[in-house]
Amino acid sequence: RALIESVRPLVPAKEISPYVFATFWSLSLYDIWVPEQRYQDEIAHQEQAAQELDNNQELNASKRKKEKDRCDAMIKRLGEELHRQKEHQSRIMQWVKDSNKTFFLHREHSPSTFILVC
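Note that the coordinates shown come from a computational prediction; the quantities given were computed from them, not determined experimentally. (Residues numbered from 1 in each chain as written. Predicted model: local features only at pLDDT ≥ 70, side-chain atom pairs only at ≥ 80, totals over all residues. Heavy atoms only, no water.)

This part is about the overall build of the protein chain. Each helix and strand in the protein chain was counted, giving six helices and zero strands. Each helix (α) and strand (β) of the protein chain, taken in turn from the N terminus, gives the series α-α-α-α-α-α. Looking at the protein chain as a whole, 27% of its 118 residues qualify as buried. Pairs at least 24 residues apart make up 68% of the contacts formed inside the protein chain by residues separated by at least 6 positions. As displayed, the protein chain has an accessible area near 8600 Å², and 56% of this comes from carbon and sulfur atoms. (Helix = DSSP H or I, 4+ residues; strand = E, 2+ residues; numbered from the N terminus. Buried < 20%, exposed > 50% of the residue type's maximum accessible area, 1.4 Å probe, protein only. Contact = heavy atoms within 4.5 Å. Areas by Shrake-Rupley, 256 points an atom, 1.4 Å probe, with all protein chains shown as cover.)

All right, on to the environment of Val-96 then. Mapping Val-96 onto the fold places it in helix H5 (residues 61-99). For the pair formed by Val-96 and Val-20, sequence separation is 76 residues and the distance between their alpha carbons is 9.4 Å. Beyond its immediate chain neighbours, meaning those up to four positions away, Val-96 contacts Leu-27 and Phe-103.

Together, Leu-29, Ile-32 and Trp-33 make up an exposed nonpolar region whose accessible area comes to about 330 Å². Locating Ile-32 in the fold gives a position in helix H3 (residues 29-32). Classification of Ile-32 by relative accessible area gives partly exposed; the value is 42%. (Patch = residues over 30% accessible without salt bridge, like charges linked within 9 Å, V, L, I, M, F, W, Y side chains within 5 Å. Salt bridge = Lys/Arg side-chain N within 4 Å of Asp/Glu carboxyl O.)

Considering every residue of the protein chain, the mean pLDDT works out to 85; 86% of them sit at 70 or more. The spread of mean pLDDT over the elements of the protein chain runs between helix H6 (residues 110-117), the lowest at 67, and helix H4 (residues 36-55), the highest at 95. (pLDDT = per-residue confidence, 0-100.)

Pairing is possible between side chains that carry opposite charge, provided their charged atoms lie close to one another. This model, assessed by the stated rule, comprises six salt bridges. Across the pair Lys-86 and Glu-36 runs a salt bridge whose closest N-O atoms are separated by 3.1 Å. Linking Lys-86 in helix H5 with Glu-36 in helix H4, this pair joins segments that are 50 residues apart in sequence. Notably, a salt bridge pairs Glu-42 with Arg-38, separated by 3.9 Å at the nearest N-O pair. In this pair, Glu-42 and Arg-38 both sit in helix H4, four residues apart, roughly one turn of the helix. You can call Glu-42 partly exposed: its relative accessible area is 22%. Put simply, Lys-63, Glu-67 and Arg-70 are held in one network by salt bridges that share partners.

The end-to-end C-alpha distance of H4, which contains 20 residues, comes to 29 Å, matching closely the 28 Å that a straight helix rising 1.5 Å per residue would cover. Looking at the buried residues of H4, the elements they touch are H5. (Expected span 1.5 Å × (residues − 1).)

Its volume calculated, the largest pocket comes out at about 160 Å³. Taken together, Arg-1, Leu-3, Ile-4, Tyr-19, Ala-22, Thr-23, Ser-26, Trp-95, Ser-99, Thr-102 and Phe-103 form the lining of the largest pocket. Mapped onto the lining of the largest pocket, the elements with two or more residues apiece are helix H1 (2-7), helix H2 (18-26) and H5. Its residues placed into classes, the lining of the largest pocket shows six nonpolar, four polar and one charged. (1 Å grid on protein atoms, 1.4 Å probe; cavity = no way out; pocket = protein on both sides within 12 Å on 5 of 7 lines; lining within 4 Å. Points joined across faces, edges and corners; volume = space filled by probe spheres on them. Nonpolar A, V, L, I, M, F, W, Y, C, P; charged D, E, K, R; others polar.)

Here it is, written out as structure tokens:
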């Protein structure tokens, strides 16, 4: 409530709600987009590195195991992080969909006003 009241003077037109203004400026790219392909690429890279370690006879067994464990841990962390980001993005997008009725007061002016104001 306090945030909405604090941005109300910044919204110059009646066509746009302070809710959409506050929402737009409070969300980050992390909230609305997940770089899933980048995660998949890095997971594939780590899997390939682990495979290459299996085939590398130049490293002794303990060093090979240590490096393979490091790759496996990274794969696990990346998968968990991707999952958390997707869940977060999904929650944010659902909240935006549920809240969008309060965003625009006059639908015919909303897109252009939104672009000008935000």
